[in-house]
Amino acid sequence: MITNDFDNYIAHIIDEYLFNDLSTIHNDINKRDGNLAYLYLFAICSAMEFLGLLLRKDVPTREYSGKTSIDSSNALSHYIKHYLKPANTAFDYDVLQRIAPALIRNGLAHSYA
């Protein structure tokens, strides 16, 4: 149930989708070594990408087949640059910002699926 109330919408996405997915992964997947790593990684990257798009000041768009849609291609990098990097300056997030979208989001996700 998505309402017009922003707080309820975010609670719905985060609590009911993300946390429920993480709980399902933790409780219902065969826990042999390595079985959970990709699923956790994809769930966390999806959340970071969602927040990266949601927290932007602008709404990037692109044209595809004559239609305008939201361009989420830089959302993961945006989240890393504007939220992870300022939170922990000891880690080199510039490297993560460059490789995460290509290697993790696009590379592993498309290979794994």
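The structure this text deals with has already been given above.
To keep things clear, this report deals only with the structure shown in the data block. (Residues numbered from 1 in each chain as written. Predicted model: local features only at pLDDT ≥ 70, side-chain atom pairs only at ≥ 80, totals over all residues. Heavy atoms only, no water.)

1. Details of helix α2 (residues 37-54)
Condition: Helix and strand definitions follow DSSP, with helices as H or I runs of at least four residues and strands as E runs of at least two, each counted in order from the N terminus. Helix span is expected to be 1.5 Å times the residue number reduced by one. Throughout this description, buried means an accessible area under 20% of the type-specific maximum (1.4 Å probe, protein chains only), exposed means over 50%, and partly exposed covers the range between.
An ideal rise of 1.5 Å per residue puts 26 Å on 18 residues; α2 measures up with 26 Å between its terminal C-alpha atoms. Within the span of α2, buried status applies to Phe42, Ala43, Cys45, Ala47, Met48, Glu49 and Gly52.

2. Observations concerning the packing of aromatic side chains
Here is the rule: Pairing of aromatic rings covers Phe, Tyr and Trp, the last counted by its six-membered ring, and requires centre-to-centre distances within 6.5 Å; plane angles under 30 degrees mean stacked, over 60 mean edge-to-face, and any other angle means tilted.
Taken as a whole and assessed by the stated rule, the structure comprises two aromatic pairs. Ring geometry for Tyr79 and Tyr83: centres 5.6 Å apart, planes at 20°, overall stacked. Of the two residues, Tyr79 and Tyr83 both sit in helix α3 (residues 75-87), four residues apart, roughly one turn of that helix. Centre to centre, the rings of Phe91 and Tyr93 are 4.6 Å apart; their planes meet at 65°, and the pair counts as edge-to-face. Take Phe91: its relative accessible area is 46%, and that puts it in the partly exposed class. Given the relative accessible area of 11%, Tyr93 is considered buried.

3. Overview of the pattern of salt bridges
Put simply, the rule reads: When a carboxyl oxygen of Asp or Glu lies within 4 Å of a side-chain nitrogen of Lys or Arg, that pair is called a salt bridge.
Applying the stated rule across the entire model yields two salt bridges. Across the pair Arg56 and Asp58 runs a salt bridge whose closest N-O atoms are separated by 3.0 Å. Across the pair Asp94 and Lys85 runs a salt bridge, and its minimum N-O distance is 2.6 Å. Look at Lys85 and you get partly exposed, because its relative accessible area is 31%.

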